Amino acid sequence: MKSRNLLLVTIISIMACAVHGVMLFTPFNDYATTSAIKLVLFVASPIIYYAVTKGGKFRDLFSVKDRKKALRFSAFLGLGAAIVIIIAFLTLRPWLEQEMIVNALSNVGISTDNYIFAALYYVIVNVALEELFFRGFVFLTLYRMGYKYYAHVFSALLFAVYHVAIMRYGVDFGLLIFATVGLVAVGLLFNEITRRCDSVIGSYVVHAGASLAISLVGFYFIN
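Q: Any chance you could break down the overall build of the protein chain for me, citing the residues and the numbers?
A: A tally of helices and strands in the protein chain yields eight helices and zero strands. Its helices and strands in sequence order give the protein chain the pattern α-α-α-α-α-α-α-α, from N to C terminus. Computed over C-alpha atoms, the radius of gyration of the protein chain comes to 17 Å, within 12% of the 17 Å expected from 2.2 N^0.38 for 223 residues, which places it in the range of a compact globule. Projected onto its principal axes, the C-alpha positions of the protein chain cover 50 × 40 × 30 Å. Of all 223 residues assigned to the protein chain, the portion counted as buried reaches 43%. In the protein chain, the proportion of contacts linking residues at least 24 apart, taken out of those at least 6 apart, comes to 81%. Across the protein chain, the 18 positively charged side chains and the 11 negatively charged ones have centroids separated by 16 Å.

Here's what the structure looks like:
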């Protein structure tokens, strides 16, 4: 039973990421469409899995129980992540080309007219979807099954690979490799936060802080 559920989580999560990745290379690659597809894929995957296997409950991914100390630590990490990203941006600014980044945003339908709305969606909804999927459905489900090492590694790698297609515009190959390695490390960190909180809430707080800083950087370039 456990091995079957392990296989199901692995297959469902890979397929969901693959479908979303393929959409980015089609004429339907606009922000609204890909966001809607991501919403369906990332929410439906855990719901379908839990309904079919009875291997847990969807609401258990959000339970914080007696983890207030871990949640407070997550809040400090979220603030720290935002500060680090701003410092990194200021350091790397000479190597970042405004035209390439603006074009990358334009390719997915983001412009000065809708940037504020897109940024709010990115920080609030998109981050929640990614935490629900990568840390909730993939990591916590596998971890609670007893596949602890696999849960950490697979979730972090899937998180990084998923973002490679999204980052294909606006960065050169060297920066892409650097970002991919960094995303694996970030994924592992988010997994550990999720493990300590036994919930996706902690990693959501940290992820939202980092995404807010990234949105501010994007605002700098697009205006």
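There is more to say, and it comes next.
Q: Quick one: what's the story with the pattern of salt bridges, residue by residue and with numbers?
A: Going through the model one piece at a time under the given rule, you end up with five salt bridges. The residue arginine 135 makes a salt bridge to glutamate 131 at a minimum N-O spacing of 2.7 Å. Linking arginine 135 with glutamate 131, this pair stays in helix H5 (residues 115–145), spanning four residues, or about one helical turn. The residues arginine 135 and glutamate 131 share a single accessibility class, namely buried. What you see here is one network of salt bridges that share partners, running through Glu192, Arg195 and Arg196.

Q: Describe the confidence of the model for the protein chain, listing the residues and the values that go with them.
A: With 92% of its residues at a pLDDT of 70 or more, the protein chain has an overall mean of 86. Looking over the protein chain, one finds the lowest element-wise mean pLDDT in helix H4 (residues 98–107), namely 69, and the highest in H5, namely 93.

Q: Before we move on, could you go through the packing of helix H3 (residues 68–92) against helix H8 (residues 201–222) and cite the residues and values that matter?
A: Two numbers describe how H3 lies on H8: the axes approach to 8 Å, and their chain directions differ by 20 degrees. Overall, the two elements H3 and H8 adopt an arrangement that is roughly parallel. At the point where H3 passes H8, the crossing takes the right-handed sense. Judged by residue contacts, Leu71, Ser74, Ala75, Leu77, Gly78, Ala81, Ala82, Ile85, Ile86 and Phe89 of H3 engage Ile201, Gly202, Val205, Val206, Gly209, Ala210, Ala213, Ile214, Val217, Tyr220 and Phe221 from H8. Taken together, the residues of the contact of H3 with H8 break down into 17 nonpolar, four polar and no charged.

Q: Can you lay out the packing of H5 against H8 for me, pointing to particular residues and giving the numbers?
A: At a closest axis distance of 9 Å, the pairing of H5 and H8 adopts a crossing angle of 150 degrees. In terms of their interaxial angle, H5 and H8 are classed as roughly antiparallel. Crossing angle aside, the handedness with which H5 passes H8 is right-handed. For the pair formed by H5 and H8, the contact residues are Tyr115, Ile116, Ala119, Tyr122, Val123, Ile124, Val127, Ala128, Glu130, Glu131 and Arg135 on the first element and Ser203, Tyr204, His207, Ala208, Ser211, Leu212, Ile214, Ser215, Gly218, Phe219 and Ile222 on the second. The class makeup of the residues in the contact of H5 with H8 is 14 nonpolar, five polar and three charged.

Q: Can you tell me about a nonpolar patch on the surface, naming the residues and giving the values?
A: Among the surface-exposed residues, Ile116, Leu120, Ile124, Val125 and Phe219 lie close enough to one another that they form a single nonpolar patch of about 440 Å² accessible area. A total of four residues in the nonpolar patch trace back to one element, the largest contributor, which is H5.

Quick notes on the rules
- Residues numbered from 1 in each chain as written.
- Predicted model: local features only at pLDDT ≥ 70, side-chain atom pairs only at ≥ 80, totals over all residues.
- Heavy atoms only, no water.
- Helix = DSSP H or I, 4+ residues; strand = E, 2+ residues; numbered from the N terminus.
- Rg over C-alpha atoms; globule rule 2.2 N^0.38 Å.
- Buried < 20%, exposed > 50% of the residue type's maximum accessible area, 1.4 Å probe, protein only.
- Contact = heavy atoms within 4.5 Å.
- Lys, Arg positive; Asp, Glu negative; His and termini not counted.
- Charge placed at Lys NZ, Arg CZ, Asp CG, Glu CD.
- Salt bridge = Lys/Arg side-chain N within 4 Å of Asp/Glu carboxyl O.
- pLDDT = per-residue confidence, 0-100.
- Axes fitted to C-alpha atoms, helices over the stretch in contact; angles between N-to-C directions.
- Parallel < 35°, antiparallel > 145°, perpendicular 65-115°, else oblique.
- Left-handed = near helix turned anticlockwise from the far one by under 90°.
- Nonpolar A, V, L, I, M, F, W, Y, C, P; charged D, E, K, R; others polar.
- Patch = residues over 30% accessible without salt bridge, like charges linked within 9 Å, V, L, I, M, F, W, Y side chains within 5 Å.
- Areas by Shrake-Rupley, 256 points an atom, 1.4 Å probe, with all protein chains shown as cover.

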